[in-house]
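# Observations on chain architecture
The chain contents come next:
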Amino acid sequence: MASLGELERAVMDLLWAGQEAATANTLRDLLAQSTHPQDGTAGHVGKDLAVTTVLTVLSRLERKGLVERERGTRPHRYQAVSSRADHTAELMHEVLGSAPDREAVLARFIGSVTDNEAETLRKLLGRN
Amino acid sequence: MFWTSYFLAVLAIALAWPVPILLSRAQWPARSPFTAMLLWQAIALAGGLSMIGAMLVYGLEPIGDSLLSGLRALAGMVFNNAPTTDLGFWHIFALSAAALLTAHLVFTLLLTYYKIQRQRRRHRELLDLLASPSSDGPGTMVLNVDSPVAYCLPGGARSVTVLSDGLMAALEPDELRAVLIHENAHLSQRHHLLLWAFAAWRQALPWLPTTRLAQESVNSLIEMLADDVALKTESKATLIKAIAIVASGSPATPAARLAFGEPGLSDVDSSQPGATGGTGSAGTTASRVSRLLSPRPPLSEPLRAVVLACCVLLLAVPTALLLVPGLLG
């Protein structure tokens, strides 16, 4: 049985890959068919999965602001709030951005390098 | 009491302006980054203490011979409606300012903590969905990004070091190891606590030269400390090569800027080196490399002892002046 974290990941992968909003039932069926990325065994996350579990996962994702629900229809249809690329860009914005209040969130191997500094670096390395 | 407040005020001004400027220009911190880090912490703590202490002591002067008796008398006025006729306008003004500054500092510290934690949690949530675990161990994740990026995200037991695909492709195994050791050193030495404290210090008093200089110096010093850890197992040449490769293919290149749709941010940085705002790390990379290329011996034992003695005095003197009655007239 997959952990909630793995299920969240699997559900997001499906929503990011799919074009249209999907119901919990559809997602459950897709999860049951999904194959393991490494050994190819079927249903590694979704075998014997209850729809209520999928709904739990979806509501967790909704609370995190990653998934939104179409209110008008029954059963509810879910879709990703933004694409995988947008979320990656959001992460990178946080990593690469250099606002002072962001510097304490994470520590980068190399901070932003200014043109002047790149020049100094080239000189330093050239000398060796 | 009067001389105490006078002395504390002078100390506060010295620690807010000339002392940090001198320290930030000094060359020796690169030789003994750990000692320099202690000194910055002592300067920040002693600065805050003497700022608040000076106002407090001045305001309490008419109603007590020492800080404690003064505070007792003040508590009597506040809670038991004792007559306040002893306090003049400026005394009450100084006491209010001391109370406000204390509240402001504590509040900013907590607010900064909350903001950092929230941002880290969000970042971690996205990483769990986007990044894949690495073969290097449970604390390492790989993100599908082309530019070479490495960073660590502190979070107690869930701390994680993140590497990009671009970084893995650009670096040799030993260089990659140097990067990993460097990032793990940040985590194991708890550098995020220093970053938090000095970020809050700057957030609280952004117009004070000391807060900006302290944050920039601390950002630089933690990189040097982490480099020193990496040097214990990896060669100097390896680390320098890793730094050079990551720096040259780094985020500031136009391609990466376009790829992540944030024009302007890095443009400003590169066109105005030394501009305020995003330059906390400016100069850090160059000084790291020059420190590795032409290493200088660490400070001698006696000099380090002198600096440590300064740290102790910086904290002990204001504390003693505040607590021991009658030290200075």
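Residues numbered from 1 in each chain as written. Chains lettered and ligands numbered in written order. Predicted model: local features only at pLDDT ≥ 70, side-chain atom pairs only at ≥ 80, totals over all residues.

This brings us to the overall build of chain A. Looking only at helices and strands, chain A has five helices and four strands in total. Of the regular secondary structure in chain A, the N- to C-terminal order runs α-β-α-α-β-β-α-β-α. Per-residue burial for chain A yields a buried fraction of 32% across its 128 residues. A separation of at least 24 residues holds for 49% of the contacts in chain A among residues at least 6 apart in sequence. (Helix = DSSP H or I, 4+ residues; strand = E, 2+ residues; numbered from the N terminus. Buried ≥ 20, exposed ≤ 12 C-beta atoms within 10 Å, placed from the backbone. Contact = placed C-beta atoms within 7 Å.)

Take the overall build of chain B next. On a plain count of helices and strands, chain B comes out with 14 helices and four strands. Expressed as a percentage of its 329 residues, the buried residues of chain B come to 42%.

Right, let's talk about the packing of helix α4 (residues 84-96) of chain A against helix α5 (residues 89-130) of chain B for a bit. The N-to-C vectors of α4(A) and α5(B) enclose an angle of 135°; their axes lie 10 Å apart at closest approach. Overall, the two elements α4(A) and α5(B) adopt an arrangement that is oblique. Pair α4(A) / α5(B) crosses with left-handed handedness. Residues R84(A), H87(A), T88(A), E90(A), L91(A) and E94(A) of α4(A) lie in contact with α5(B), whose contacting residues are H123(B), L126(B) and L130(B). A class-by-class count of the residues in the contact of α4(A) with α5(B) yields three nonpolar, three polar and three charged. (Axes fitted to C-alpha atoms, helices over the stretch in contact; angles between N-to-C directions. Parallel < 35°, antiparallel > 145°, perpendicular 65-115°, else oblique. Left-handed = near helix turned anticlockwise from the far one by under 90°. Nonpolar A, V, L, I, M, F, W, Y, C, P; charged D, E, K, R; others polar.)

On to the pairing of strand β3 (residues 77-80) of chain A. Residue and element names in this part refer to chain A. Side chains of β3 alternate between two faces, with Y78 and A80 buried and R77 and Q79 left unburied. Here two bridges tie strand β1 (residues 22-23) to β3, and the two strands are oriented antiparallel to one another. Note that in β3 the partner of A22 across the bridge is Y78. Hairpin geometry of strand β2 (residues 67-70) and β3 is characterised by an intervening segment of six residues between the two adjacent antiparallel strands. (Pairing = 2+ DSSP bridges.)

Quick look at the sheet that holds strand β2 (residues 137-143) of chain B now. Taken in spatial order, the five strands make up an open sheet running β4(A)-β3(B)-β4(B)-β2(B)-β1(B), and their pairing is mixed. In this open sheet, the two edge strands, each paired with only one partner strand, are β4 (107-108) of chain A together with β1 (132-134) of chain B. As paired strands, β4(A) and strand β3 (residues 150-153) of chain B are joined by two bridges and run antiparallel to one another. From the neighbouring strand, A107(A) faces β3(B), where its bridge partner is C152(B).

On to helix α1 (residues 4-17) of chain A, then. Between the first and last C-alpha of α1(A) there are 20 Å, a value that for 14 residues agrees with the 20 Å anticipated at 1.5 Å per step. Those residues of α1(A) not exposed but buried are L7(A), E8(A), A10(A), V11(A), M12(A) and L15(A). Turning to α1(A), the residues buried within the fold contact β1, α2 (24-33), α3 (51-63), β2 and β3 of chain A together with α5 of chain B. (Expected span 1.5 Å × (residues − 1).)

This brings us to α5(B). Taking 1.5 Å as the rise per residue, α5(B) with 42 residues should run 62 Å; its terminal C-alpha atoms sit 60 Å apart, in good agreement. On its buried face, α5(B) sits against α4 of chain A together with α3 (33-60), β2, β3 and α8 (191-204) of chain B.

The sheet contact formed by β2(A) and β3(A) spans four bridges and is antiparallel. Among the inter-strand pairings, R69(A) is bridged to a residue of β3(A), identified as Y78(A).

A separate point is the nonpolar core. Within the largest apolar cluster, 89 residues are counted, with the highest numbers of intra-cluster contacts made by I43(B), A150(B) and Y151(B). The element that contributes the greatest number of residues to this core is α3(B), accounting for 17 residues. Beyond its immediate stretch of four places on either side in the chain, Y151(B) contacts V95(A), L106(A), A107(A), R108(A), F109(A), V162(B) and E183(B). Grouped together as the second largest cluster of nonpolar side chains are 18 residues, L27(A), V57(A), L58(A) and A80(A) included. (Core = buried A, V, L, I, M, F, W, Y, C linked by C-beta atoms within 7 Å.)

Next up on the list: the sheet that holds β1(A). Residues and elements named next belong to chain A. Pairing in this open sheet of three strands is antiparallel, and the strands run β1-β3-β2 from one edge to the other. Whereas interior strands pair on both sides, the edge strands pair on one side only; in this sheet they are β1 and β2. Here α1 sits on the sheet in contact with β1, β2 and β3, set at roughly 85° to β3. Along the sheet, α3 contacts β2 and β3; its crossing angle with β2, the most-contacted strand, is approximately 110°.

What follows covers the confidence of the model for chain B. For chain B, per-residue confidence averages 87 on the pLDDT scale, and 88% of positions sit at 70 or higher. Here the predicted complex scores 0.87 on pTM and 0.87 on ipTM. (pLDDT = per-residue confidence, 0-100.)

This paragraph deals with unusual backbone geometry. A negative phi angle characterises most non-glycine residues, just as the trans form characterises most peptide bonds. Residue and element names in this part refer to chain B. In this model, N81 sits at a positive phi of 55°, which is unusual for a non-glycine residue. Mapping N81 onto the fold places it in the loop between α4 (67-80) and α5. Within the chain, R190 stands out as a residue other than glycine whose phi angle is a positive 55°. Structurally, R190 is set in the loop between α7 (173-188) and α8.

As a further point, take the packing of α3(B) against α4(B). Residue and element names in this part refer to chain B. Where α3 meets α4, the axes come as close as 10 Å, and the angle between the chain directions of the two elements is 65°. Overall, the two elements α3 and α4 adopt an arrangement that is roughly perpendicular. In terms of crossing hand, the pair formed by α3 and α4 is left-handed. Note on element contacts: α4 touches α3 through L67, G70, L71 and L74, opposite L56, V57 and L60. The residue inventory of the contact of α3 with α4, partitioned by class, reads six nonpolar, one polar and no charged.

Here we take up the environment of T161(B). All names here are of chain B. Here T161 lies in strand β4 (residues 160-164). What makes T161 buried here is the crowd of 25 C-beta atoms within 10 Å. Considering only alpha carbons, one finds T161 and L87, 74 residues apart in sequence, at a separation of 56 Å. Leave out the neighbours within four places in its chain, and T161 touches G139, T140, C152, L180, E183 and N184.

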